[in-house]
Amino acid sequence: MDKLIISNLSKTYKYGVKALDNVNLEIGKGMFGLLGPNGAGKSSLMRTIATLQEADEGSITLNGLDVIAHKMEVRKILGYLPQQFGLFPKISAIDLLDHFAILKGITNKIERKEMVSALLEKTNLYAVRKQNLGGFSGGMKQRFGIAQALLSNPKLVIVDEPTAGLDPKERNQFYYLLSEIGEDAIIILSTHIVDDVKELCTKMAIINQGKVILQGEPLKLIDQVKGKVYQKLVHKSEIAEYRKVHHVINEQHYLGQPLIQIITSLDPPDGFTPSQVGLEEVYFSQLIQAHK
Amino acid sequence: MWYEIFKFEIKYRFRRPETYLFFVFLMAFSIFGVDFIFQGVETGLMKMNAPIVLGKTMGAITGIFMILASMIMGMPMIRDDQYQITPLIYTCPIKKKDLLLGRFLGSFLILLLIFSGIPLGMMIGEFLPWHLESEMLPFQFSTYLYTFSSIVLPTLFFGAAVFFVTGTLSRNLLVVYTQGIFIFVVFLLTKSITNEYAQAILDPFSLTTITNLTKEWEIAQRNVSLLPFSGVLLVNKLFWVFVGVFVMIFGYFRFSVTTFTNAKKTSSKRSRKVNVAKQSTRNLDVILPQVTVDDGWNAKWKQFISMSIFYGKSLMKETSFWAIVICGAIIILINSISLGTVYGVDSYPTTYFIVEELQELSMYFFIIILLFYSGELFWKEKSVRMHFLRDANPISSLIILCSKMAGLVGVYIVLILSLMFSGILFQITKGYYHFDLPVYFGGFFIEILPLLLIYTFVAFFIQSLVNNKFLGIILTLFFIIVMVVLEVMGYDHILFNFGGGGLKSYSEMNGYGHFMTTYLWTKAYWISFGMLLLIGASLIAGRGADIGWINRFKQVGSVFSKKAKTLTIIIFLIFVSIGSFNFYQANILNEHWTSKQENDYRASYEKELKQFEYLPQPKISDAKMYMDLFPEERAYVLKGSYMMINEEDEPIKEIHVQKMLESGVALDSIHFSAETLIDSQYHKYAYYIFSLETPLEPGDSIVMKFDQSYTSQGFNITSSAGSVLNNGTFIRNNEFPTLGYQDKIELKDETDRKTYGLAPKESKAEIDDHQELQRSRSGSDSKGMTLDFTIGTSAYQTAITSGELVKQWKEGARNYFQYRSKQPIIDFYAVSSGNYELLQDSWSSSDGETTSPVLLEIYHHPRHDYNLDRMMAGMKASLDYYSVHFAPYQYQQLRIVEFPRYESFAQSFPNTIPFSESIGFMLDIDDEEDVDMTFFVTAHEVAHQWWGMQLESANVKGRNFILETLSQYAALMVFRKQYAQEKVDQLLELQRELYDKKRKQASEAEVPLNLVGNEEYIYYNKGILAMFELQEMIGEDRVNCALKAFIHDWNSESGEVKWEKMRYATSADLIDYILDETPEKDRNEVLNLLTKVKR
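Residues numbered from 1 in each chain as written. Chains lettered and ligands numbered in written order. Predicted model: local features only at pLDDT ≥ 70, side-chain atom pairs only at ≥ 80, totals over all residues.

Novice: An account of the sheet that holds strand S9 (residues 738-739) of chain B is needed here, citing residue identities and associated values.
Specialist: Residues and elements named next belong to chain B. The strand order across the open sheet formed by four strands is S5-S6-S3-S9, and the pairing between neighbours is antiparallel. Two strands lie at the open edges of the sheet, namely strand S5 (676-679) and S9, each paired on one side alone. For strand S3 (residues 652-658) and S9, the ladder comprises two bridges, and the chain directions are antiparallel. Pairing of Val657 across the sheet is with Leu739, part of S9. (Pairing = 2+ DSSP bridges. Helix = DSSP H or I, 4+ residues; strand = E, 2+ residues; numbered from the N terminus.)

Novice: So what's going on with the interface of chain A and chain B? Residues and values would help.
Specialist: Listed as interface residues are 51 residues of chain A and, on the opposing side, 46 residues of chain B. Residue assignment for the side of chain A that touches chain B shows that the elements contributing at least two residues are helix H2 (71-76), strand S6 (78-81), helix H3 (93-104), helix H4 (109-122), helix H5 (138-149) and helix H6 (168-182) of chain A. It is H4(A) that provides the largest number of residues to the side of chain A that touches chain B, a total of seven residues. (Contact = placed C-beta atoms within 7 Å.)

Novice: Before we move on, could you go through the pairing of strand S17 (residues 893-899) of chain B and cite the residues and values that matter?
Specialist: All names here are of chain B. When you tally the buried positions in S17, you get six out of seven residues, the bulk of the element. Where strand S16 (residues 854-860) and S17 come together, five bridges link them in parallel fashion. For Leu856, the partnering residue across the bridge sits in S17 and is Leu894. The handedness of the S16 to S17 crossover, carried by helix H30 (residues 868-885), is left-handed. (Buried ≥ 20, exposed ≤ 12 C-beta atoms within 10 Å, placed from the backbone. Right-handed = clockwise from strand over helix to strand, strands pointing away.)

Novice: I'd love a proper account of the domain arrangement of chain A, names of residues and values included.
Specialist: In terms of domains, chain A is made up of domain 1 (3-216) and domain 2 (227-276). Here the C-alpha centre of domain 2 of chain A lies 37 Å away from the C-alpha centre of domain 1 of chain A. (Domains from an automatic or database assignment.)

Novice: So what about the nonpolar core? Which residues, and what values?
Specialist: If you look at the biggest cluster of nonpolar residues, it comprises 233 residues, and the most contacted ones within it are A:Ile188, B:Leu26, B:Leu111, B:Ala160 and B:Leu534. Here this core gets 15 residues from one element, more than from any other, and that element is helix H23 (residues 437-466) of chain B. Apart from residues lying up to four places away in sequence, B:Leu26 is in contact with B:Phe65, B:Ile114, B:Phe115, B:Gly117, B:Ile118 and B:Gly121. Counting residues in hydrophobic clusters, the runner-up holds 129 residues, among them B:Ile652, B:Ala799, B:Val942 and B:Ile1024. (Core = buried A, V, L, I, M, F, W, Y, C linked by C-beta atoms within 7 Å.)

Novice: Summarise the domain arrangement of chain B; cite the residues concerned and give the values.
Specialist: Residue and element names in this part refer to chain B. We note that the domain assignment places domain 1 (2-37 + 46-258), domain 2 (299-558), domain 3 (589-761), domain 4 (787-823 + 827-947) and domain 5 (948-1095) within chain B. Computed over C-alpha atoms, the centres of domain 2 and domain 3 are 46 Å apart. Taken together, the contact pairs ten residues of domain 2 with twelve residues of domain 3. Counted by class, the side of domain 2 that touches domain 3 contains three nonpolar, six polar and one charged residues. (Nonpolar A, V, L, I, M, F, W, Y, C, P; charged D, E, K, R; others polar.)

Novice: Can you lay out the sheet that holds strand S4 (residues 57-62) of chain A for me, pointing to particular residues and giving the numbers?
Specialist: Residues and elements named next belong to chain A. As summarised here, the arrangement of the four strands in space is S2-S1-S4-S5, forming an open sheet in which the pairing is antiparallel. Both outer strands of the open sheet, strand S2 (18-28) and strand S5 (65-66), are each paired with one neighbouring strand and no more. Where strand S1 (residues 3-12) lies against S4, five bridges are found, and the strand directions are antiparallel. From the neighbouring strand, Ser10 faces S4, where its bridge partner is Glu57. Those strands touched by helix H1 (residues 42-49) are S1, S2 and S4, and its axis lies near 60° from that of S2. (Axes fitted to C-alpha atoms, helices over the stretch in contact; angles between N-to-C directions.)

Novice: Describe the packing of helix H10 (residues 141-170) of chain B against helix H11 (residues 173-191) of chain B, with residues and values.
Specialist: Residues and elements named next belong to chain B. Look at H10 against H11: their axes get within 9 Å of each other, and the N-to-C directions meet at 145°. As H10 runs across H11, the sense of the crossing is right-handed. Contacts between H10 and H11 involve Gly159, Val162, Phe163, Thr166, Gly167 and Ser170 from the former and Val175, Val176, Gln179 and Ile183 from the latter. Along the lines of polarity and charge, the residues of the contact of H10 with H11 split into five nonpolar, five polar and no charged. (Left-handed = near helix turned anticlockwise from the far one by under 90°.)

Novice: Please give an account of helix H28 (residues 595-609) of chain B that cites residues and values.
Specialist: Taking 1.5 Å of rise per residue, the 15 residues of H28(B) would be expected to cover 21 Å, and the 21 Å separating its terminal C-alpha atoms lies within 8% of that figure. Tucked into the core, H28(B) has its buried residues touching strand S6 (687-696) of chain B. (Expected span 1.5 Å × (residues − 1).)

Novice: Describe in detail the UniProt feature "domain: ABC transporter" (unreviewed entry) in chain A, supporting the description with residues and values.
Specialist: As recorded in UniProt, the feature "domain: ABC transporter" (unreviewed entry) lies at residues 4-234 of chain A. Each end of residues 4-234 of chain A is marked by a C-alpha atom, and these two atoms are 46 Å apart; helix forms 35% of the span and strand 29%. (UniProt positions renumbered as here; feature names shortened; annotations may be inferred.)

Novice: Any details on the confidence of the model for chain B? Residues and values, ideally.
Specialist: Residue and element names in this part refer to chain B. Looking at chain B, pLDDT values average 88 and 94% of them are 70 or higher. Across chain B, strand S11 (residues 798-800) holds the top mean pLDDT of 97, while helix H16 (residues 259-275) sits lowest at 43. Segment residues 259-279 is flagged for pLDDT under 50; beyond a separation of four residues in sequence, or across chains, it makes 21 contacts in the model. Across the interfaces of the predicted complex, the ipTM metric reaches 0.89, alongside a pTM of 0.86. (pLDDT = per-residue confidence, 0-100.)

Have a look at this one:
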């Protein structure tokens, strides 16, 4: 049984910024969503798992293998797509992918060739494989990034904000690809887009200010807040007042008028109607609680 | 608006560490600037802070460090891309003019501040202790300020304009750096311009301009006058400033705020087209195959190979690289002006000359590639933010670094191949088809590449250590400079001199000789050290996000894999083993002396032994020598026997024997034919005193037998070639035991002498020094002697010495030659041995006297047959002329013997003239354009058979007026008979130029001809001019008459006047003979000509 166990992981950056604060997670096969606002510590956590950064405290084990002590072993079965990356501009997609395959240790020429072509096909880059990466669009680059992450039949795939810059169609294809691989590997997906998690992940965690504030299966989590969220269209001037009195978890606009959502176990106040509950509401409710 | 941008630029620059770093770097360098730039340059009486010196130093430093300017000025517009703020800036309502002007002026001001480090450093340098007060003018701040503004400022403006515009238009730093190379190439090209004025105007760093501007200046003016900002300097500066302005205007019009985006689009147009290719979902059905991830040694090797190719290719995709290659390839085609040039005549474009020229010209290119490309390559992934992608892979950092290293080496090799190709092309254009490919290979792959390799290891290590590209580049440069300086300062031991020294020049006669072994072991030592550095670099490189100092060093333990550890231990063991082996070879088998140790030794030699300088010693009247020479082992065994006579009036009680001071030379035994007692208290100086039990009475003689051997073991790490070589051995007899104190061992440098409290030493004794008047040269042990010399050498070699070859035989696989002098010779002979081809001819005197013909021989390297005719003609014409006009030729043979080009001179010994490979054999003389210097040098050396062999002059001032000036005169007369007047004029013009040039470089005030010491420019160059004038004035016949009488009366053997006065001839005697022949009316003028500096 594949299992990644993160225990008591902490990391403090210069000037006392706590990126990770006693993080504990247990992640099995399949897609695991890591949700959190920008700057929550997602990337730090991902980098640490991806052997690119050391934690101050705590441990990570992959099937009993100490990730921090045996980085090279982990890298052999790792596929990693960072949040931001660049590519050599003056080289063709197929050549650079081949280069990455070499870096992965795929030294058998035939195997490498097959894998590179297969991935280029799969990421829909085959037609442009001979073109220089400098001319690639953001989406194409992202797809290339995915391709390189999957080169070595990874058992552990870490993708950090992968859908940024993808158009909806590309995003769907990407999800398809990931879920296919997820049948046989641990996939950790970090995002600040709730929908990504909702559509893909069987398990998830919410992280904020370096802390895991919630983890579980999306559906069960949604159940927990079901019936506790209410909404109301208000005037702009009233929002401040509502904030004082209620747990306002979300403010958005509906037909140009402010719409606020609150969470409460009690009966809803005047004018509030029950709101549909999705993962988004779970997320916002958690963020609010974490703040208080 | 431009002012805002200007202010921002300056503020930004003040926050950047480079700004301070470059400033400090330039200042630190400039402290030693004058010493560095004028290292080895004869400045003569010019003070070391004279305006000319300051101007040239500033110009040269500015030139050398133009690359700093490129790093500053190339950046401002490229920076926007790097921080990805181009769209932000370019959408702001800034006018193009304001943006460019503000950025340019801001950066330029910073550039000036940085380069003000040069004058500041130089000012500090002026007060450093090694600058003696006597060498300096009083400190003048204004001189520095003026020189900086007039010399450096315009150059910087030009450079700044070019770099700024290329950076703005290309957006590629490597292209900017390449401009630096272009400017340097322009500088090199100006050197090949023959028109001095054009050269002075086009020199971008104004070095030749200053030379041209001040060429007429006399010493006093050189020390006082500021460089006038007028004339050729003004034109030069205006020209380059104008070019700068033009470039700026061009850049201004080419640049538009949309330039950047347009440029990007054109480059990616092709890819965009296919970008819209239909995406098909069919692709999603592709099943990913299974792959094997391997990390064994074999896999690592494959990774290394394929990544090396990857990185090599990526560098070769840079346009800038091909620009460098093209520059490198054309530069030899345009700039090959001085191929082994002797007296204005070029040599044949043999491969070694071409290779040496290419090495010199391309060094700058290699350094640029090394500095910048190593930086680019090291940060290649990081600079496009791809490093996280790379670092999450199971690849060791060491393999990545190794492949980058190999990729860079691949780039070096491409440049090398293109240089070789252009070298061969050049040879073809010159109609020379002997492409010596092994020499090309040796010159680049054995000499250049290992050094590049070693410094590339350092570059990567420094990049890894400091973790910042610019800082890394500048520190690498600093490291290179410091290492060069240390080597120049004498830290040249192979174990400490970083990278090991260079390989001795290639000689067609001797190949790389015995130097190759030492060289290769040294390089192996340093390369293994470099490998350790590379491993170190990979350990501290940091990976992923942990790139802070502490993290990187903390990680070392975990990054250090077992395989890497094994490798490190192996390389470390290799390094230590080679190091110990080299140490054993250099320091145990050989003695290694630092220059300080050597100076100590020389000083105490003089202090302790000077007392014996004029102690009467017997003179050698006959020498019987038997030498077994082993050229392959570079060894000899010598059995010698000197018959010595007491020619003094007093009995001689002690005989003082000095062994040659060289560790390989051993004096194994000394025996006298009488009872002696040895006193070894000066053993330290290999100086032995034998007291005779019965003193040697005047007129009595004694025989000294000795065994001497020479062995060369281990590494010879001194730079001298030594005298026993695999091919082309040339041993002078001063290597054999000599009698009495040897003043040539004394310290010569005035400053050194002062340090040791020794009195200043003149190069020659006063003309009335009665002791030196008795001597024909320092340390001569004879007043005429006979020689019987048997030499055995290896099967393929011929051995030659003075005298007649009386017997020649083979014994086993060895050749034996016995030479015997038929008449007394001076105590000055040499042994040569080599694999020679022999050209023979003969000469008989034309006056019909029945003397037997003289045998003429040239022993030469088989391939060096270009100028043998000229040499032969020179010998014949000389014998013709001298035997009629001076005296009959005294020997029955006259030989020229070639020796390798480690030194370039020819020297006359009795009937034998060793002649360097480099000064006559290889000259490509075009009789239309060139002066036949081979003929002239031959005639000069043959003249010494009279002036030196027949007549020796006293070892006092003016000695070389007799020996050298008369030989110059003699050769000129022979030359005039053979060649047209215009050739004579050309020859004299050449001598005049040399005289003018060297006179200004001389470190002491000029002395008149008749009192000349060791000043070549006086006795050679001025001498020939004066003698030419003399014979124009009173006629060739009268001069020859005087010389005939002079040589007759003062002949060493038979000169009546010499024996009567019991001394050797001086210049005063010679002048008397000349005056005797001079008509009354011309006497004053003749006297002025020969005895006054200025007339």
